[in-house]
Each structure stands twice: as C-alpha cells, then as structure tokens.
Amino acid sequence: MAGSAFVTHEVFNQVPPLGDVDLWNDDLALQAAVAAFGTSDAEEIASLAAFGERWGSAEMAEFGRLANENPPKLRSYDPHGYRVDRVEFHPAYHALMRESMAAGIHCSTWGRDARLAKPGAFVARAARQMMSAEVEQGHQCPIVMTHAAVGALLAEPALLRDWLPKIRSCDYDPSFQLPSLKMSVTLGMGMTEKQGGSDVRANTTRAEPDGNAYRITGHKWFMSAPMSDAFLVLAQAPGGLTCFLMPRVTPDGAMNALDFKRLKDKLGNRSNASSEVEFQNAYAQRCGPEGEGIKTIIRMVALTRLDCVIGALGILRSALMQAIHHIRFRTAFQKKLVDQPLMRAVAADLCLEREAALALGLRLAQAFDRPDDEDEIVYARLMTPVAKLYVCKMVPAFVYECLECLGGNGYVEENPMARLYREAPLNAIWEGSGNIMALDFLRGGAREPEAAQRLITKLAREANGLPNARAAIEQIQKSLSSGNREAHARRAVEALAQLASAAALAAYAPAVAEAYATHRLGGIAGRNYGDALPDDLALDLMRRSFARA
Ligand SMILES: Cc1cc2nc3c(=O)[nH]c(=O)nc-3n(C[C@H](O)[C@H](O)[C@H](O)COP(=O)(O)OP(=O)(O)OC[C@H]3O[C@@H](n4cnc5c(N)ncnc54)[C@H](O)[C@@H]3O)c2cc1C
C-alpha cells in the first residue's frame, strides 16, 4: 500500500504467474508426435485441443494443489464404533477424477467388446493422460489401473462381461455400494506383499475354493486407491499363484472382508491413497486359470507400464514449462535468463531430452494401437520395459535441473516444482522398478531372440544416417553379447532406448533427430544437461516445447 510504514522496497523482476496455459496448442512437439504416431482425425484433434485448454486452466492447477495439500484420510469407524472403511478425499480430488473420467482416460481405448475402440485410440489417450499428468499425478493411479484392469479381465470372459460396461462409463461415481447400483466403477491392483514386490512368486496370501468363488486370507503391503470397487489380487490357490477379482462389496451387498490397516505416508503422490490391507477370508472370483496368476496380471501390468511412461512425460513437460516460463521473464546480469548463452544451452538441452522421450513414448503407444501386426506386438512387448526404465528414470534429474532454472523460487512449496520433485521418482518404482525392467527386456529377448534381433535391425534402419547410430548399435550388441548379460543389462537397455528415441524422431522431426543423435547416441552424453546447440535450433526447440511467448 502506498505510504504504508512497512514498505521497504518495490517488488520487481519476479516472474508473473503462469496462469491459464494451453497444454495442447502451446505444445507443438506433442502435436507433431500425435500426428506422426496417432491420428489426424479433425474431430479427435479438436477434442484434444479442448482437453488441453481445459486442463491447462488455472482452475485445474488449483485442484491439483488442493488435492495434494489435503491428502486422503482413512476413516475405519463411524462415531458410534461401526466399521465404515472409507477413505475421505478433498473435493478437488473428486473434481480431477470427474474430469479425467469424463474424458475417458480410464477407458477410451476399449470398445464394447474390449477390442480397440478406434484407430489411434492409444495415442490419443496417451496425449490426454500426459496433459492431465502435467496438472496432477496422484488421481491418475485409479484412472490408469481401471484402464489396465481390462487386460487381466480378458482372461475371464464372464467377469469381463459383468464389469466392462461399468468400466466404460464416463460418469464418475465415488459412492461405496454394489457396482450394479453405480454409474461407473474404478479398479485397483494388489500384488505387493511385505516380503516382496518384484518377486511376486513369494506371495503368501492364500485362496481357498468356496463354491463357485474363493476366500482369500493374507495381506498386501501396498494397495493403492483403496476406494476402488474391486481389485485384481494375486494369491496362492491350490493350483499355484492365481489372479482374483476381489470386490469391495460382495454380491449379497455386504462389505467384503478387506481390513485397511493404514494409509502410507508417502514422499509424494499425496493426493492418492495407498493402503496396507489384510484380507480376512475375503470373497473373490478367479480371473484366469489357477496357477496362471502372473500370466494373467502381466496383461494388466503391461498397460500400466505404458502409462508410467506417459505419466513421466507429463511431469517432464510440466517442469519444463515452468522453467521456460521463468527464464523468459527473469533478468540476471542485465539480460533475460533465456538470453544468457549458458541458460539457453541448459533449457534447449532439456527440451531435446523431453522431445526424444515424448517421441519414444508415443511411438510405444502406437504399437498398442496395432494389436494385429506381429512386429508391433514385438515392439510393445520388448520396448515397454525399455521405455519405462529409460523415461521414468530420467525424471528426477530432469525435474531437478528445471527446478534449478527457477533458482530459490523453485525450492519453495508454494511453487508446483516442489511437488513435481517429490513425485519424480515414483513412476520408476512401481509396476516394476529399474532393474526389473532391464531383466524383463533380457528375458523377453531370450524367449524370442529372432524377434528381438529383427527389432534392433529395424530400429537401426530407421536411425540409419543419423550421427553415432552405428556406435549405438555396437554398444547394444556388445552389452547383449557380454558373458554377464544381467550386469550389463542397464547399459544395453539405455542405449536401445536412445536409439529407439532417435528412430522415432527421425520419422517426423529430422532436425531434432539429428541433434539428439549427435548429443546422445553412442554413450557420449554428459552427466548433466547443458550441451550447446546451434542458436536457431535451441530457440526452435524451446518454441516446440512451449510455444507461448
Ligand atoms: C506409492 C506407491 C504405490 C504403490 N501401489 C501399489 C499397488 O497399488 N499395488 C501393488 O501391488 N503394489 C503397489 N506398490 C508397490 C510397488 O509396485 C513395489 O514397491 C515395487 O514393485 C517394488 O517392490 P518392492 O518394494 O517389494 O521392492 P523389491 O522387490 O524388494 O526390490 C528392491 C530393489 O531391488 C531391485 N531388484 C529386485 N530383484 C532384482 C534382481 N533380480 N536383480 C537386480 N535387482 C533387483 C528392484 O529393482 C528394486 O530396485 C506401490 C508402491 C508405491 C511406492
């Protein structure tokens, strides 16, 4: 206030709030990748544009903030001592769920018979998921698991027939009652136990046949989204490890015997509830044959792994947008930061990294859009763990570098960067952490060596002529043919991810592909961002990543 006794100085050179952004129209790189690997259908593009405008609004960003600053609470009992077993969420969480479900992120790839809904459905969905992840990641957990659950349900047609219509409904319904009385349902997954998450064969939870259903007793150490209407759960049946569908409410309308012990106090992902739970003779139905639990649930996990990549891409873009916005406005040493050569080098290198990851992620989504093409099936199978390891693992270092672009302002909780930083490691951990992904790729390659070799040859052909492509291929082959393949698996997978990124970029952005290959392929990247690029390319990369001036 002018004339106030407390005025010591004028505030200046602080960056204006980001305000409303357009997550589609301002992201030229995303538009180009969708056009290359997905759809150019005018109606779909218009819908993506509307989605990007809505999700970029300051109102949606505020929902994201509120949902994370007011994390869910477990209410086990009502005031009179009766069990209620509810998780209470802030209204902002419900608003995010409602909007994501209205846009069909939980189901849009599935047609009435669980076949692909339409050409390009996976890529269009990936674009929406990525844009929503730019705003809020926690609520995506139930969205992603609901979508992926269809993969497991395909193993049990009767369950699929009962659940698919409610899964395909876009009217969010958080009520806790029989699924048949609800407008829509969400599903979760329970695999991880105290003694092991990667090695689920060590599960001790038991399943006893009971008429045409089963009774399950045991525990899960991490089971997210406990307000889901049902969970795909692994348990030891008489015939071995088996997948089950465990509803929250039994068919007679009673509350199922899921005893939620507590919610995890997590580093990030705070809007999402993740529980520790015990099953006390809980009702469940078998999903797939006894003894084929891993084979069944892996069809769900393959889909959630794709979504981990896409979610990670959302975090990359969100952090990058904040960084570019900041350096365009902030002045230091008489120049805008963006005009300081070293800051420009850092920002452009970040854009290059993100654009290559985006190309890889959407190229992977394209493979899921082509379930009848043998080569694409191989691409999806082998490149999902590769992309998950590579893209998810880059997020913490990437977000940290973006955070540092904001200087001290990046380190305070009022800024979304702190939330992004806490969220950054998660996509790499769940659904199979880094080493497990590398080993998964090795196992897949060993099971079908000819298909794996064909894939590498195809990528080499697509990247042919790019700088360092030959060195990258040699690096991959050397790591794969080493005597101790497991110990070399990380390097092989990273080199393959970089080659596949360059190959994907080459399909639609040759200048970006050339720069990426020059600065990444063949193991030549530095440990930190900041490779200098030609000035016009640097500016173009920044414009492609965030077009708003
Ligand atoms: C926020 C959050 C939510 C979650 N939600 C769910 C959920 O809803 N449902 C669910 O089922 N799980 C959930 N999880 C669990 C998650 O999937 C597991 O934590 C993850 O799979 C790893 O299992 P673990 O924690 O038992 O680690 P471990 O299996 O003990 O692995 C520890 C480390 O060892 C490495 N490792 C394991 N085996 C090998 C090997 N052979 N060679 C080399 N390295 C190896 C792993 O890569 C990892 O880095 C959640 C986790 C988090 C953090």
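Residues numbered from 1 in each chain as written. Predicted model: local features only at pLDDT ≥ 70, side-chain atom pairs only at ≥ 80, totals over all residues. Heavy atoms only, no water.

Engineer: Looking at this model, I keep getting lost on the overall build of the protein. Mind explaining?
Structural biologist: On a plain count of helices and strands, the protein comes out with 18 helices and 11 strands. Taken over C-alpha atoms, the radius of gyration comes to 24 Å for the protein, in line with the 24 Å a tight globule of 549 residues would show. In terms of overall dimensions, the protein has C-alpha extents of about 75 × 75 × 45 Å along its principal axes. Within the protein, the fraction of its 549 residues that count as buried is 57%. Taking the intrachain contacts of the protein between residues at least 6 apart in sequence as the baseline, contacts between residues at least 24 apart amount to 74%. (Helix = DSSP H or I, 4+ residues; strand = E, 2+ residues; numbered from the N terminus. Rg over C-alpha atoms; globule rule 2.2 N^0.38 Å. Buried < 20%, exposed > 50% of the residue type's maximum accessible area, 1.4 Å probe, protein only. Contact = heavy atoms within 4.5 Å.)

Engineer: Mind showing me how you'd approach the site of the ligand here?
Structural biologist: Near the ligand there are 20 residues, and of these Met191, Thr192, Gly197, Ser198 and Ser224 occur at the shortest range. Met189 places a polar main-chain atom, nitrogen or oxygen, 2.9 Å from a nitrogen atom of the ligand. Separating an oxygen atom of the ligand from a side-chain N or O atom of Ser198 is a distance of 2.6 Å. Contact with the protein chains covers 67% of the free accessible surface of the ligand, which is 970 Å². Broken down by secondary-structure element, the contributors of at least two residues to the shell around the ligand are β3 (187-190), β5 (213-224), α12 (426-429) and α13 (434-447). By residue class, the composition of the shell around the ligand is 9 nonpolar, 9 polar and 2 charged. (Near = heavy atom within 4 Å. Polar contact = N/O pair within 3.5 Å; in protein donor to acceptor, adjacent residues only side chain to side chain. Areas by Shrake-Rupley, 256 points an atom, 1.4 Å probe, with all protein chains shown as cover. Nonpolar A, V, L, I, M, F, W, Y, C, P; charged D, E, K, R; others polar.)

Engineer: I would appreciate a short explanation of helix α15 (residues 469-480) in the present structure.
Structural biologist: Each α-helix turn comprises 3.6 residues. Residues three or four places apart therefore point the same way. Along its 12 residues, α15 runs 17 Å from first to last C-alpha, staying within 8% of the 16 Å computed at 1.5 Å per residue. For α15, the full list of buried residues reads Ala469, Ala472, Ile473, Ile476, Ser479 and Leu480. Projection of α15 onto a plane perpendicular to its axis shows the buried side chains occupying an angular sector of 135°, all on one side. In α15, the exposed positions that point more than 90 degrees away from the buried face belong to Arg470, Glu474 and Lys478. Packing partners of the buried residues in α15 comprise α13, α14 (449-462) and α16 (485-506). (Expected span 1.5 Å × (residues − 1). Arc of directions from axis to C-beta.)

Engineer: Before we go on, may I ask you to explain the packing of helix α9 (residues 341-368) against α16 in this structure?
Structural biologist: Geometrically, a packed helix pair is captured by the angle between its two axes and the distance between the axes. Across the interface, α9 lies against α16 with an axial gap of 8 Å and an inter-helix angle of 85°. Our classification of the angle between α9 and α16 gives roughly perpendicular. Between α9 and α16, the residues in contact are Glu355, Ala356, Ala359, Leu360 and Arg363 and Ala497, Ala500, Ser501, Ala504 and Leu505, respectively. Broken down by class, the residue content of the contact of α9 with α16 amounts to 7 nonpolar, 1 polar and 2 charged. (Axes fitted to C-alpha atoms, helices over the stretch in contact; angles between N-to-C directions. Parallel < 35°, antiparallel > 145°, perpendicular 65-115°, else oblique.)

Engineer: Mind showing me how you'd approach the pattern of salt bridges here?
Structural biologist: Two side chains with opposite charge may pair up if their charged atoms get near one another. Counted according to the given criterion, the structure contains 38 salt bridges. Ionic pairing is found between Arg54 and Glu59, a salt bridge with its closest N-O pair at 2.9 Å. Residue class for Arg54 comes out partly exposed when judged on its relative accessible area of 27%. Glu59 sits in the partly exposed class, given a relative accessible area of 42%. Across the pair Arg520 and Asp349 runs a salt bridge, and its minimum N-O distance is 3.0 Å. Highlighted residues: Arg520 in helix α17 (residues 510-520) and Asp349 in helix α9, separated in sequence by 171 residues. No difference in accessibility class separates Arg520 from Asp349, as the two residues are buried. One connected set of salt bridges, linked through shared partners, spans Arg83, Asp85, Asp259, Lys261 and Glu278. (Salt bridge = Lys/Arg side-chain N within 4 Å of Asp/Glu carboxyl O.)

Engineer: Any chance you could explain the side chain of Asp85 here in plain terms?
Structural biologist: By the element assignment, Asp85 lies in strand β2 (residues 83-88). A distance of 2.8 Å separates a polar atom in the side chain of Asp85 from a polar atom in the side chain of Arg83.

Engineer: It is not clear to me how helix α6 (residues 140-153) should be interpreted in this structure. Could you clarify?
Structural biologist: Taking 1.5 Å as the rise per residue, α6 with 14 residues should run 20 Å; its terminal C-alpha atoms sit 20 Å apart, in good agreement. The largest bend along α6 reaches roughly 25° and is located at His147. (Bend = angle between axes of the 7 residues up to and from the residue.)

Engineer: It is not clear to me how the nonpolar core should be interpreted in this structure. Could you clarify?
Structural biologist: A general tendency of soluble globular proteins is for nonpolar side chains to be buried together. Ranked by internal contacts, the top residues of the largest apolar core, which has 171 residues, are Leu187, Leu232, Leu362 and Met383. Those residues in contact with Leu362 that sit more than four places away from it in its chain are Leu30, Ala33, Val34, Phe37, Val123, Ala126 and Ile310. With 16 residues, the next largest nonpolar core counts Ala207, Ala235, Ala237 and Leu258 among its residues. (Core = buried A, V, L, I, M, F, W, Y, C linked by side-chain atoms within 4.5 Å.)

Engineer: How should I be thinking about unusual backbone geometry in this particular structure?
Structural biologist: Negative phi values dominate among residues other than glycine, just as trans dominates among peptide bonds. The phi torsion at Ala114 lies on the positive side, around 70°, for a residue other than glycine. Position of Ala114 relative to the elements: it lies in the loop between α4 (91-102) and α5 (121-135). In this structure Ala114 comes out as buried when scored by relative accessible area, which is 8%.

Engineer: Just checking my understanding: could you explain the pairing of β3 for this structure?
Structural biologist: Strand residues, when the strand is regular, have side chains that alternate between the two faces of the sheet. Burial along β3 is two-sided: the residues Leu187 and Met189 and Gly188 and Gly190 are all buried. As paired strands, β3 and strand β6 (residues 230-237) are joined by 4 bridges and run parallel to one another. Note that in β6 the partner of Leu187 across the bridge is Ala230. (Pairing = 2+ DSSP bridges.)

Engineer: I would appreciate a short explanation of the environment of Leu406 in the present structure.
Structural biologist: As for its position among the elements, Leu406 is in the loop between α10 (374-405) and α11 (416-423). For Leu406, a relative accessible area of 6% gives the class buried. For the pair Leu406 and Ala284, spaced 122 residues apart in sequence, the C-alpha separation works out to 50 Å. If near-sequence neighbours (up to four positions away) are discounted, Leu406 is found in contact with Gln322, Ala323, His326, Asn415 and Met417.

Engineer: I tried to follow the environment of Leu74 on my own but got confused; where do I start?
Structural biologist: Among the structural elements, Leu74 can be located in strand β1 (residues 73-77). In this structure the C-alpha to C-alpha distance between Leu74 and Pro385, which are 311 residues apart in sequence, comes to 34 Å. Contacts of Leu74, omitting those with residues within four sequence positions, involve Arg86, Val87, Phe260, Lys261, Arg262 and Leu263.

Engineer: Quick question: what am I supposed to make of the pairing of β6 here?
Structural biologist: For β6, the buried fraction is high: 7 of the 8 residues fall into the buried class. In this structure, β6 lies alongside strand β7 (residues 240-247), joined through 8 bridges in antiparallel fashion. Residue Leu232 lies in a different strand from β7, and its bridge partner there is Leu245. Hairpin remark: β6 followed by β7, antiparallel, with 2 residues in the connecting loop.

Engineer: Whenever I open this one, the packing of aromatic side chains confuses me. Can you help?
Structural biologist: By convention here, two paired aromatic rings are described through the distance between centres and the angle between planes. Under the criterion given, the structure shown has 8 aromatic pairs. Ring centres of Phe37 and Tyr508 lie 5.5 Å apart, and the angle between their planes is 90°; this geometry places the pair in the edge-to-face category. Placement of Phe37 in helix α1 (residues 28-37) and of Tyr508 in the loop between α16 and α17 is noted, with a sequence separation of 471 residues between them. A single burial state applies to Phe37 and to Tyr508, both of which are buried. Ring geometry for Phe51 and Trp55: centres 5.4 Å apart, planes at 25°, overall stacked. Of this pair, Phe51 and Trp55 both sit in helix α2 (residues 42-55), 4 residues apart, which is roughly one turn of that helix. By relative accessible area, Trp55 is classed as buried at 2%. Sitting over the ring of Trp221, Lys264 keeps its end group 3.3 Å from the ring centre. Sitting over the ring of Phe222, Lys264 keeps its end group 4.2 Å from the ring centre. (Phe/Tyr/Trp six-rings, centres within 6.5 Å; stacked < 30°, edge-to-face > 60°. Lys NZ or Arg CZ within 6 Å of the ring centre and 35° of its normal.)

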